[in-house]
There are 2 protein chains.
Amino acid sequence: MAAKSIIRSKQAAEAVDGTLTEVVCTVFNDYIFVVVTQYGKMGTLISVTPHSVGNEISKPTFSTKILMGKDEPLIHVYAKHLVTFVSEESGNKPVLLALALKEANVDSIKSIKQLIQSCRLW
Amino acid sequence: MAAKSIIRSKQAAEAVDGTLTEVVCTVFNDYIFVVVTQYGKMGTLISVTPHSVGNEISKPTFSTKILMGKDEPLIHVYAKHLVTFVSEESGNKPVLLALALKEANVDSIKSIKQLIQSCRLW
C-alpha cells in the first residue's frame, strides 16, 4: 500500500567560484539534514547542536562534532557558519551536515549559505 | 547560475504492519545514504562498512558502527539485514543508514528491505 510521504526534501545546484555545488536539505522531526557537496561525495559528517543558555535573552551556543571523516579545525568553523541559521530558524533543531568542499573562502561560504537558504523547508 | 543536479535520490512510503514506513535512498560517490523512518525521525545513524577478505571467492564481511543515537545490539543486526545487499549491489560502497523504527520483527524487516529495493539507484 503506497502512502503519502512525510519526509520533505529540497535540492539546489549552482556554480560557486566555478565549481558545481549541490545542496540537499531534508527535514526530519528530530533533525535537519543538510548536504553540501562539490564533487558528489558525502564527505565529512558533522552534527551541529544548539545548547540553550540560562539567560533567555541570549541566543543558544552551538557545539560541533565530527561523526565521520577528517576532524579539522576549519570544518567546525565552516559547519557553524553554514548551518547555525538553519537551527535558529527551525526552533533550535540540531542539524546534521554532510560537507564535501574542494576549497572554501569567506565569499564561497557566503554563496553556499544562500544556496542552503534557497532550500529552506523549516 | 543553476546547474544540473549530480546527487540522485529516490523515495518510497508504504504501510508495514500498519505503520507508515518511509525510505529515502541517496547515492553519493563515496557513500550510499539510506533513510528508514517510521515516525519522521532521523533516529539512529549507523555506518555499515564492507571489509574485503583475503580470499577473493568470499564475500566481504561488514562492520556496523553507531555514529549517533542509542547503541543497542539489535540495531546492528537490523542495519546489517537491511543494507548489506545495498553495499554488495553497489560494488561494495559503504552505507550510511538512518534508522527510526517503532518496533520490528523478521517479517517487517523483510518488507522494509523490499521497500529499500524499490528505491534502487545504485
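Quick look at the structure, then. (Residues numbered from 1 in each chain as written. Chains lettered and ligands numbered in written order. Predicted model: local features only at pLDDT ≥ 70, side-chain atom pairs only at ≥ 80, totals over all residues. Heavy atoms only, no water.)

## Regarding the overall build of chain A
- Scanning chain A for helices and strands turns up 2 helices and 6 strands.
- Each helix (α) and strand (β) of chain A, taken in turn from the N terminus, gives the series β-β-β-β-β-α-β-α.
- The C-alpha radius of gyration of chain A comes to 15 Å, within 12% of the 14 Å expected for a compact globule of 122 residues.
- Along the longest, intermediate and shortest principal axes, the C-alpha atoms of chain A span 45 × 45 × 25 Å.
- Out of the 122 residues belonging to chain A, those deemed buried represent 51%. (Helix = DSSP H or I, 4+ residues; strand = E, 2+ residues; numbered from the N terminus. Rg over C-alpha atoms; globule rule 2.2 N^0.38 Å. Buried < 20%, exposed > 50% of the residue type's maximum accessible area, 1.4 Å probe, protein only.)

## Points about the side chain of A:T64
Residues and elements named next belong to chain A.
- With respect to the helices, strands and loops of the structure, T64 is situated in strand β5 (residues 61–68).
- Among the polar contacts made by the side chain of T64, one reaches the side chain of H76 at a distance of 2.7 Å.
- Non-local contacts of T64, meaning those with residues more than four positions away in its chain, are made with I46, S47, V48, H76, A79 and K80. (Polar contact = N/O pair within 3.5 Å; in protein donor to acceptor, adjacent residues only side chain to side chain. Contact = heavy atoms within 4.5 Å.)

## Remarks on the interface of chain B and chain A
- Listed as interface residues are 31 residues of chain B and, on the opposing side, 31 residues of chain A.
- Between chain B and chain A, roughly 2,800 Å² of surface is buried when both sides are summed, and carbon and sulfur atoms account for 68% of that area.
- When the buried surface of chain B facing chain A is broken down by residue, B:I6, B:I7 and B:M42 rank first, second and third, together holding 18% of it.
- For the pair chain B and chain A, the number of links is 0 salt bridges.
- Counting across the chain B and chain A interface gives 12 residue pairs in polar contact (both at pLDDT 80 or more).
- Among the secondary structure elements, those contributing two or more residues to the side of chain B that touches chain A are β1 (8–16), β2 (19–27), β3 (32–37), β4 (44–51) and β5 (61–68) of chain B.
- For the side of chain B that touches chain A, the element with the most residues is β1(B), which contributes 4 residues. (Buried area = accessible area lost by both parts, 1.4 Å probe. Salt bridge = Lys/Arg side-chain N within 4 Å of Asp/Glu carboxyl O.)

## Description of the relation of the copies chain B and chain A
- Of the two same-sequence chains, chain B is brought onto chain A (RMSD 0.0 Å, axial shift 0.0 Å) by a rotation of 180 degrees. As the rotation angle and translation indicate, the two copies are arranged about a two-fold axis. Taking C-alpha positions as the reference, the residue of chain B nearest the rotation axis is B:L67, at 2.9 Å.
- Both copies share a contact surface, since 100% of the interface residues of chain B are interface residues in chain A too. (Least-squares fit on C-alpha atoms with pLDDT ≥ 70 in both.)

## Examining the packing of aromatic side chains
- Within this structure, the stated rule accounts for 3 aromatic pairs over all chains.
- Aromatic side chains A:F33 and B:F33 sit 4.6 Å apart centroid to centroid with 40 degrees between the ring planes, which places their arrangement in the tilted category. Of this pair, A:F33 sits in strand β3 (residues 32–37) while B:F33 sits in strand β3, each in a different chain.
- Owing to a relative accessible area of 3%, A:F33 belongs among the buried residues under this scheme.
- Plain terms: the ring middles of A:F85 and A:W122 are 6.5 Å apart, the flat faces sit at 70 degrees to each other, and that makes the pair edge-to-face. (Phe/Tyr/Trp six-rings, centres within 6.5 Å; stacked < 30°, edge-to-face > 60°.)

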